[in-house]
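Below, each chain spelled out in residue letters.
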Amino acid sequence: MRKELKIIGFILLLMNSTNLFAQDVEFSQFYANKIYLNPAFAGSDYDPRVSLGYRNQWPELNSAYISYSVAYDQYVDGLGGGLGLHIMQDEQGGGSISTTMVSGMYAYSLRVSRSLLIKTGFQVSFIERKLDDTNFTYPDQTDEFYINGLINPFTGEGEIDYPNRNYIDFSTGILASYKNWFIGFAAHHISEPDQSFKAESSYSKLPRKYTLHCGVNVPVFRNGLHRSAFSLAPNFLYQQQSSNKQLNYGLYLSKGSIIYGMWYRDNLELEYDAIILQLGVIRDWWQVSYSYDKTISKLIHTNTGAHEISFLMRFKYSNNGIMEKRIRKRRKNGRISCPKF
């Protein structure tokens, strides 16, 4: 009961405060959700691909934050770039607030030189937010000194004006890849749409989010031979949404079909937020990964982090000799060298 009251109280605080704004869902496996991170990633591989994602944050709080993601993207020769479709469902407080987002995107590829590739992406999204107050407990129904917390089944709070809120959203991004290096920038929610559930409340915008990410893949050769035993991929990712800032930095180590990852998440307030540990397997046409966010901030005594699983499947073209080589040569113009997860 106490845990449920904490969740509901937190949600009500977000609903009624004019100083707090909603924030985006955050995945720890950034590059397993490429087109969610940056729309310019659409079609950034040789082959069409489908990716699935699941994240359960703070599971001990009775399903406080659960997110599902499915995406499809591919490079299209006739369009000179990639197309993508992304669908995400986010549940907060056991479904008290649910958000469904359907996004379509196009990323144009420009081959500047043999080593330099630039991609620009554009995204349009339809977003539906639903509020279910069936199990809400309001402040005028509770008493902290009462053993069960609830003393009054009735409340003076009025009805929700807009239990379903729909709006269109726009985002854009750019990527540059040079040999084993890449760098990208994305701006989401350019129009900062209104998300308010209440008619009399002030304009409740979804703040614009800025993302900067960069990395390099470094092969490590054994005994000086030109055959890498394994590779290291140090990366960093910076995001800012309203007054909230976050820096993620770490590296991936890959050897054969196994990839290990370790990241630090820093909220830039002189305190580390979490350590992200990751283990993945990559095969020819599929890959799967699990990650765990270990909280190391002051919240370590109130939550147990987050679990995240991703799965990706590539659709390989059949081996038809010269035709396949031509297709892959053209598709190479749209590929960005970056981590798989």
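An account of the accompanying structure is given in this report.

Cut-offs applied
Residues numbered from 1 in each chain as written. Predicted model: local features only at pLDDT ≥ 70, side-chain atom pairs only at ≥ 80, totals over all residues. Heavy atoms only, no water. Helix = DSSP H or I, 4+ residues; strand = E, 2+ residues; numbered from the N terminus. Areas by Shrake-Rupley, 256 points an atom, 1.4 Å probe, with all protein chains shown as cover. Phe/Tyr/Trp six-rings, centres within 6.5 Å; stacked < 30°, edge-to-face > 60°. Buried < 20%, exposed > 50% of the residue type's maximum accessible area, 1.4 Å probe, protein only. Contact = heavy atoms within 4.5 Å. Salt bridge = Lys/Arg side-chain N within 4 Å of Asp/Glu carboxyl O. 1 Å grid on protein atoms, 1.4 Å probe; cavity = no way out; pocket = protein on both sides within 12 Å on 5 of 7 lines; lining within 4 Å. Points joined across faces, edges and corners; volume = space filled by probe spheres on them. Nonpolar A, V, L, I, M, F, W, Y, C, P; charged D, E, K, R; others polar. Pairing = 2+ DSSP bridges.

1. Points about the overall build of the protein chain
- Looking only at helices and strands, the protein chain features three helices and 15 strands.
- In the form shown here, the protein chain has an accessible surface area of approximately 18000 Å², with 59% of it arising from carbon and sulfur atoms.

2. Section: the packing of aromatic side chains
- Per the stated rule, a full pass over the model turns up eleven aromatic pairs.
- Ring centres of Phe-30 and Tyr-31 lie 6.5 Å apart, and the angle between their planes is 80°; this geometry places the pair in the edge-to-face category.
- On the basis of relative accessibility, which here comes to 1%, the residue Tyr-31 falls in the buried class.
- Judged by centre distance (4.8 Å) and plane angle (65°), the ring pair of Phe-30 and Trp-263 falls under edge-to-face. Placement of Phe-30 in the loop between helix H1 (2–16) and helix H2 (34–37) and of Trp-263 in strand E12 (residues 258–266) is noted, with a sequence separation of 233 residues between them. Comparing Phe-30 with Trp-263, the two get one shared label, buried.

3. What about the side chain of Ser-69?
- Structurally, Ser-69 can be placed in strand E2 (residues 65–76).
- On the basis of relative accessible area, Ser-69 is assigned to the buried category, the value being 8%.
- If we ignore the near neighbours within four places in the chain, the residues touching Ser-69 are Phe-27, Asn-33, Ser-51, Leu-52, Gly-53, His-86, Ile-87 and Met-88.

4. A look at the pattern of salt bridges
- Under the counting rule described, the total for this entry stands at eleven salt bridges.
- Overlapping salt bridges bring together Glu-26, Arg-55, Arg-265, Asp-293 and Glu-308 as one network.

5. Points about the environment of Tyr-272
- Counting through the fold element by element, Tyr-272 comes out in strand E13 (residues 272–282).
- By relative accessible area, which is 42% here, Tyr-272 ends up partly exposed.
- When the C-alpha positions of Tyr-272 and Ser-297 are compared, they lie 5.9 Å apart, and in sequence the two are 25 residues distant.
- Residues within four places of Tyr-272 in sequence aside, it is in contact with Tyr-249, Tyr-264, Arg-265, Asp-266, Ile-296 and Ser-297.

6. Comments concerning empty space enclosed by the protein
- Counting across every chain of the model gives three cavities of 30 Å³ or more.
- Around the largest cavity, the lining comprises 13 residues; the ones closest to its centre are Ala-32, Lys-34, Ile-35, Ser-51 and Asp-73.
- Of all the secondary structure elements, the ones that give two or more residues to the lining of the largest cavity are H2, strand E1 (49–57) and E2.
- Residue classes in the lining of the largest cavity are distributed as six nonpolar, four polar and three charged.

7. Quick word on the pairing of E2
- Alignment of E1 against E2, held across nine bridges, turns out to be antiparallel. Across the sheet, Arg-49 pairs through a bridge with Asp-73, a residue of E2.

8. Here's the deal with the pairing of strand E7 (residues 181–188)
- Pairing analysis gives seven bridges linking strand E6 (residues 164–178) to E7, with the strands arranged antiparallel. Following the sheet pairing, Ala-176 is matched in E7 by Ile-183.
- Following E6, the chain reverses through two residues before pairing antiparallel with E7; Lys-179 in that reversal takes a positive phi of roughly 55°.
- Across eight bridges, the pairing between E7 and strand E8 (residues 209–216) is antiparallel. Within the sheet, the bridge partner assigned to Gly-184 lies in E8 and is His-213.

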